[in-house]
Amino acid sequence: MPSRSASSAAIRGRDAELVVLGEQLDRVRSGSGAVLLIEGAPGMGKSRLIAEGVRMAQRLALPAGIGAG
């Protein structure tokens, strides 16, 4: 069986955060704007959570991407 990379593995212990992401994406789909602030200490999984949010948006046919500066 092929191994899964960390970015494709299921997120564990972030159920509440994933619910909030889903709710905000539903708001966006209905025409409302939304902003989420994701903060925390280094290594807490912020980038992984954002990547999952982008995947959720793409599954809903919403344009999404990640940028860094």
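Residues numbered from 1 in each chain as written. Predicted model: local features only at pLDDT ≥ 70, side-chain atom pairs only at ≥ 80, totals over all residues. Heavy atoms only, no water.

1. What to know about the pattern of salt bridges
In step 1: This structure, assessed with the given rule, holds 4 salt bridges.
In step 2: As a salt-bridge pair, R14 and E17 come within 3.7 Å of each other at their nearest N and O atoms.
In step 3: Overall, R14 belongs to the buried group, its relative accessible area being 18%.
In step 4: The partner of R55 in a salt bridge is E52, with the nearest N and O atoms 3.3 Å apart. A residue pair is termed a helical-turn pair when its members lie 3 or 4 positions apart in one helix, as R55 and E52 do in helix α2 (residues 46-59) at 3 residues.
In step 5: The buried category is assigned to E52, whose relative accessible area is 14%.
In step 6: One connected set of salt bridges, linked through shared partners, spans R48, E52, R55 and R59. (Salt bridge = Lys/Arg side-chain N within 4 Å of Asp/Glu carboxyl O. Buried < 20%, exposed > 50% of the residue type's maximum accessible area, 1.4 Å probe, protein only. Helix = DSSP H or I, 4+ residues; strand = E, 2+ residues; numbered from the N terminus.)

2. Observations concerning α2
In step 1: With 14 residues, α2 should cover 20 Å at 1.5 Å per step; its first-to-last C-alpha distance of 20 Å lies within 8% of that length.
In step 2: Among the residues of α2, those classed as buried are R48, L49, A51, E52, G53, V54, M56 and A57.
In step 3: On its buried face, α2 sits against α1 (15-29). (Expected span 1.5 Å × (residues − 1). Contact = heavy atoms within 4.5 Å.)

3. Some words on unusual backbone geometry
In step 1: Although it is not a glycine, A61 sits at a positive phi angle of roughly 65 degrees.
In step 2: In this structure, A61 sits in the segment after α2.

4. What to know about the nonpolar core
In step 1: One finds I11, L21, L25, L49, M56, A57 and L62 forming the largest nonpolar core, which totals 7 residues.
In step 2: Residue assignment for this core shows that the elements contributing at least two residues are α1 and α2.
In step 3: Those residues in contact with A57, other than ones at most four positions away along the chain, are L25, L62 and A64. (Core = buried A, V, L, I, M, F, W, Y, C linked by side-chain atoms within 4.5 Å.)

That is the geometry; function is a separate question.
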